[in-house]
Amino acid sequence: MQNKKVTIILLTLLFVAFLLSGCASGIQLSEHTAANRNFYQIFVGSFYDSDGDGLGDLRGITHKLDYLNNPSGKDTLGVRGIWLSPINPSPTYHKYDVTDYYSIDPAFGTMEDFEELIAEANKRGIDIIIDLVLNHTSSQHPWFLAALDEIRNDKEPFYRDFYNFTETRSGSGYYPTVGGLFYEAHFWSEMPDLNMDNENLRAEIADIAKFWLDKGVAGFRLDAVMHIYRSEAQNLEFWSWFVDVCKEVKDDVFLVGEVWSNEMTIMPYFETGLSLFNFPFANHDGTINKAVSSGNGERLAQEIERYAAEIYRRSPSGINCVFLSNHDTGRSAGFLIEPEKKKLAAAIYLMIPGNPFIYYGEEIGMTGAGIDENKRTAMFWSNTDKTGITRNPHNTTNNRTPEFGVSEQFDDPDSLLSYYRQILALKSKHPDIFDGRVTWLNVENSGICAIQTGDVVVMHNLTDESIEVALPVSGVKMSGFLSPTGEVAKLSGDMIFIPPYATAVLG
Ligand code: CA
């Protein structure tokens, strides 16, 4: 009798374990593609220091992968993609000026560390994309040094043609160099611009892309996309070529470009096959913060629909990459002051169809504005345990940390971090929310942002008062809701009640 009981208990436990393992490896991690993912942007030097030298590194990121996605769901954020800021060797702390496209900056670790990071990330269903900076190299790159040597010693030009040397200064962004020549360097004298008309250079670029895709990256975040040439037509030709190069290696490659400009300038780049960051929605003067400040949800929903439709018209596979802030903008906690508005804005951008990008520390309300270094300060893991916390970039004048670190916020169900986790958990029940097609639903109340993707309806109340409206779609059920005030959202008949700043998901 006793034995039979034990057997039944053991079998039950085995069955539960089987179910759990099915959830972890079968259901949750099955779809391995970087399309349809919540991404997390890591500024590598400021994330987690694994060896105590004060600088964030690749092993540090591997060490914190469970924070980003632990399939058990415990103490995890639940993102499935990472964008790493540049990891190639570079003389600067930000590393947007590369000296070798084929290796890892020793300050961040080794190629083995990178391979381990990719493998461990993939185990957790996380894809990695790396920053690829193709507009320019470092002035210390061997190509540029060889080019100067060719000019100086009157050698047959090879690397000289990788760059743009001119005999006269062709406007700003040109700097004098050897042989009485000038070279183009749009951003900084130490970042000479590459000449993508050169076939040998294009062959190198193709090799670089293949090298990293073969290493297992899911794709690239592409820097300074609109600056490769001074003409848009030439830029579009270059990026179409680059998309083809990458797709030949990896059919489902995810390529997201930085065109830091207005919608009119961004949109044509979708036609190359790239996906693009949504700068018009980001930052203190962007669509999302304007809507949160004004409380006008209806206009926001219309904008979400219009922007998505414009992408789809240009490129049905184009992905809307929404974010609130990144390493170049002031952090969002600096303009979303009230805790309820931080939570509302998070629910809005993370539920817009596409691949949203969380800038590291945004989920715990880190602040930082002004000089770039202030926007890239140390990830604040804990108020008491300083293990792994990096030093801030040199020159930082921002010594503010959030009131509570990651570990304290995990223990607080009302924290911003807990809210981020709730949003992503609710979203994970509805893969339709990632789908790019989105419709504005008119609920005849300007405070409500109501959108539909597939069979899912997302409704945000952007005001500080509860709102009750008629359901925009019949037959839907409440799947879940998020409420910064703790007040409950309710369906009753064909009416829905949404508390202040809250979000309801129906499906
Ligand atoms: Ca380190």
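Note that this is a predicted model, so its numbers are computed, not measured.

## What to know about the coordination of the calcium ion
Turning to step 1, where the next piece is worked out: On the protein side, the calcium ion has Asp-49 (OD), Asp-51 (OD), Asp-53 (OD), Leu-55 (O) and Asp-57 (OD) as donor atoms, found 2.2 to 2.4 Å from it.
Turning to step 2, where the next piece is worked out: Between consecutive donor residues of the calcium ion, the sequence gaps follow D-x1-D-x1-D-x1-L-x1-D.
Turning to step 3, where the next piece is worked out: Given the relative accessible area of 51%, Asp-51 is considered exposed.

## Thoughts on the sheet that holds strand β16 (residues 478–482)
By definition, the strands of a sheet pair up through backbone hydrogen bonds, in either a parallel or an antiparallel sense.
Turning to step 1, where the next piece is worked out: Across the sheet, which stays open at both edges, the five strands sit in the order β12-β13-β14-β19-β16 with antiparallel pairing between neighbours. Only two strands of the sheet have a single neighbouring strand rather than two, namely β12 (439–440) and β16.
Turning to step 2, where the next piece is worked out: On the sheet, helix α11 (residues 339–350) packs against β14 (456–461), β16 and β19 (503–506) and is oriented at approximately 155 degrees with respect to β14.

## What about the pairing of strand β13 (residues 448–453)?
In summary, the side chains of a regular strand alternate between the two faces of the sheet.
Turning to step 1, where the next piece is worked out: A large share of β13 lies buried, amounting to six of its six residues.
Turning to step 2, where the next piece is worked out: Where β12 lies against β13, two bridges are found, and the strand directions are antiparallel. Looking across to β13, one finds that Thr-439 is bridged to Gln-452.
Turning to step 3, where the next piece is worked out: Between the antiparallel neighbours β13 and β14 lie two residues, among them Gly-454 with a positive phi of about 55 degrees.

## A look at empty space enclosed by the protein
Turning to step 1, where the next piece is worked out: A complete count under the given rule lists one cavity of 30 Å³ or more for this structure.
Turning to step 2, where the next piece is worked out: In this structure, the largest cavity is lined by Leu-324, Ser-332, Ala-333, Leu-336, Lys-342, Glu-362, Gly-365, Leu-416 and Tyr-420.

## What to know about the packing of aromatic side chains
Turning to step 1, where the next piece is worked out: Per the stated rule, a full pass over the model turns up 36 aromatic pairs.
Turning to step 2, where the next piece is worked out: Relative to Phe-162, the ring of Trp-143 lies with its centre 5.2 Å away and its plane at 80 degrees, an arrangement referred to as edge-to-face. You can see Trp-143 sitting in helix α5 (residues 142–152) and its partner Phe-162 sitting in the loop between α5 and β4 (165–166), a full 19 residues away along the chain. The two residues Trp-143 and Phe-162 agree in class, both being buried.
Turning to step 3, where the next piece is worked out: With centroids separated by 4.9 Å and ring planes inclined at 85 degrees, the aromatic side chains of Phe-158 and Tyr-159 adopt a geometry described as edge-to-face.
Turning to step 4, where the next piece is worked out: Here Tyr-159 falls in the partly exposed class, since its relative accessible area comes to 25%.
Turning to step 5, where the next piece is worked out: Aromatic rings pair up to connect Phe-39, Trp-83, Phe-254, Trp-260, Phe-277, Phe-279, Phe-323 and Phe-357 into one cluster.
Turning to step 6, where the next piece is worked out: Lying over the aromatic face of Trp-241, Arg-202 brings its terminal NZ or CZ to 5.0 Å of the ring centre.

## Focus: the sheet that holds strand β15 (residues 467–470)
Turning to step 1, where the next piece is worked out: Taken in spatial order, the three strands make up an open sheet running β15-β18-β17, and their pairing is antiparallel. With one partner strand each, in any of the chains shown, β15 and β17 (490–492) form the two edges of the open sheet. Across the sheet, the mean angle from the axis of one strand to that of its neighbour is 20 degrees, orientation sign disregarded.
Turning to step 2, where the next piece is worked out: Here three bridges tie β17 to strand β18 (residues 495–498), and the two strands are oriented antiparallel to one another. The partner of Leu-491 across the bridge, within β18, is Ile-496.

## A closer look at the environment of Gly-173
Turning to step 1, where the next piece is worked out: Tracing the backbone through its elements, the reader meets Gly-173 in the loop between β4 and β5 (174–176).
Turning to step 2, where the next piece is worked out: Taking the C-alpha atoms as reference points, Gly-173 and Asp-193, 20 residues apart in sequence, are found 9.5 Å from one another.

## Concerning the nonpolar core
Turning to step 1, where the next piece is worked out: In this structure, Tyr-40, Leu-84, Phe-114, Phe-220 and Phe-242 are the most contacted members of the largest nonpolar core, which totals 137 residues.
Turning to step 2, where the next piece is worked out: Setting aside anything within four residues of it in sequence, one finds Phe-242 in contact with Leu-132, Leu-134, Ile-205, Ala-209, Phe-220, Leu-222 and Leu-255.
Turning to step 3, where the next piece is worked out: Val-443, Val-457, Val-473 and Val-476 belong to the second largest nonpolar core, which has 16 residues in total.

## As for the packing of α11 against helix α13 (residues 416–428)
For any two helices packed against each other, one specifies the crossing angle of their axes together with the interaxial distance.
Turning to step 1, where the next piece is worked out: At a minimum axis separation of 10 Å, α11 and α13 run at an interaxial angle of 25 degrees. For the element pair α11 / α13, the angle class is roughly parallel. Judged by the sense of rotation from one axis to the other, the crossing of α11 with α13 is right-handed. Counting all contacts with α11, which are made through Lys-342, Lys-343, Ala-346, Ala-347, Tyr-349 and Leu-350, the residues of α13 involved are Leu-416, Tyr-419, Tyr-420, Ile-423, Leu-424 and Lys-427.
Turning to step 2, where the next piece is worked out: A class-by-class count of the residues in the contact of α11 with α13 yields nine nonpolar, no polar and three charged.

## Brief notes about the pattern of salt bridges
Turning to step 1, where the next piece is worked out: Tallied over the entire structure, the rule returns 24 salt bridges.
Turning to step 2, where the next piece is worked out: Its salt-bridge partner being Arg-124, residue Asp-66 comes within 2.6 Å of it at the nearest N-O pair. Taken together, the positions of Asp-66 in helix α3 (residues 65–68) and Arg-124 in the loop between α4 (111–123) and β3 (127–132) put the pair 58 residues apart, joining distant regions of the chain.
Turning to step 3, where the next piece is worked out: For Asp-66, a relative accessible area of 34% translates into the label partly exposed.
Turning to step 4, where the next piece is worked out: By relative accessible area, which is 15% here, Arg-124 ends up buried.
Turning to step 5, where the next piece is worked out: Across the pair Arg-314 and Glu-271 runs a salt bridge whose closest N-O atoms are separated by 2.7 Å. Taken together, the residues span a long stretch of sequence, with Arg-314 in helix α10 (residues 297–314) and Glu-271 in the loop between α8 (263–266) and β9 (275–277) at a distance of 43 residues.
Turning to step 6, where the next piece is worked out: A network of salt bridges, in which partner residues are shared, links Asp-66, Glu-120, Lys-123 and Arg-124.

## Notes on the pairing of strand β1 (residues 39–42)
Turning to step 1, where the next piece is worked out: Side chains Phe-39 and Gln-41 project from β1 onto one buried face, and the interleaved Tyr-40 and Ile-42 project onto a second face that is buried too.
Turning to step 2, where the next piece is worked out: Pairing of β1 with strand β2 (residues 81–84), which is carried by four bridges, proceeds in the parallel orientation. Looking across to β2, one finds that Phe-39 is bridged to Gly-81.

## Thoughts on unusual backbone geometry
Turning to step 1, where the next piece is worked out: Non-glycine residue Lys-95 carries a positive phi angle of around 70 degrees.
Turning to step 2, where the next piece is worked out: The buried category is assigned to Lys-95, whose relative accessible area is 7%.
Turning to step 3, where the next piece is worked out: A positive phi angle, near 80 degrees, is found at Asn-395, a position not held by glycine.
Turning to step 4, where the next piece is worked out: Relative to the helices and strands, Asn-395 is located in the loop between β11 (357–359) and α12 (406–410).

## Side note on the confidence of the model for the chain
Turning to step 1, where the next piece is worked out: Here the chain averages 93 in pLDDT, while 93% of its residues score no lower than 70.
Turning to step 2, where the next piece is worked out: Scored below 50 in pLDDT, residues 1–32 makes 22 contacts in the model with residues more than four places away or belonging to other chains.

## What to know about helix α7 (residues 232–249)
Turning to step 1, where the next piece is worked out: Here α7 contains 18 residues, and its C-alpha end-to-end distance of 26 Å stays within 8% of the 26 Å for a straight helix at 1.5 Å per residue.
Turning to step 2, where the next piece is worked out: Among all positions of α7, only Asn-235, Leu-236, Phe-238, Trp-239, Phe-242, Val-243, Val-245 and Cys-246 are buried.
Turning to step 3, where the next piece is worked out: The inward-facing, buried residues of α7 abut β3, α6 (199–215), β7 (219–222) and β8 (254–257).

Calculation notes
- Residues numbered from 1 in each chain as written.
- Predicted model: local features only at pLDDT ≥ 70, side-chain atom pairs only at ≥ 80, totals over all residues.
- Heavy atoms only, no water.
- Donors = N, O, S within 2.8 Å, 3.2 Å for Na, K, Ca; no water.
- Buried < 20%, exposed > 50% of the residue type's maximum accessible area, 1.4 Å probe, protein only.
- Pairing = 2+ DSSP bridges.
- Helix = DSSP H or I, 4+ residues; strand = E, 2+ residues; numbered from the N terminus.
- Contact = heavy atoms within 4.5 Å.
- Axes fitted to C-alpha atoms, helices over the stretch in contact; angles between N-to-C directions.
- 1 Å grid on protein atoms, 1.4 Å probe; cavity = no way out; pocket = protein on both sides within 12 Å on 5 of 7 lines; lining within 4 Å.
- Points joined across faces, edges and corners; volume = space filled by probe spheres on them.
- Phe/Tyr/Trp six-rings, centres within 6.5 Å; stacked < 30°, edge-to-face > 60°.
- Lys NZ or Arg CZ within 6 Å of the ring centre and 35° of its normal.
- Core = buried A, V, L, I, M, F, W, Y, C linked by side-chain atoms within 4.5 Å.
- Parallel < 35°, antiparallel > 145°, perpendicular 65-115°, else oblique.
- Left-handed = near helix turned anticlockwise from the far one by under 90°.
- Nonpolar A, V, L, I, M, F, W, Y, C, P; charged D, E, K, R; others polar.
- Salt bridge = Lys/Arg side-chain N within 4 Å of Asp/Glu carboxyl O.
- pLDDT = per-residue confidence, 0-100.
- Expected span 1.5 Å × (residues − 1).

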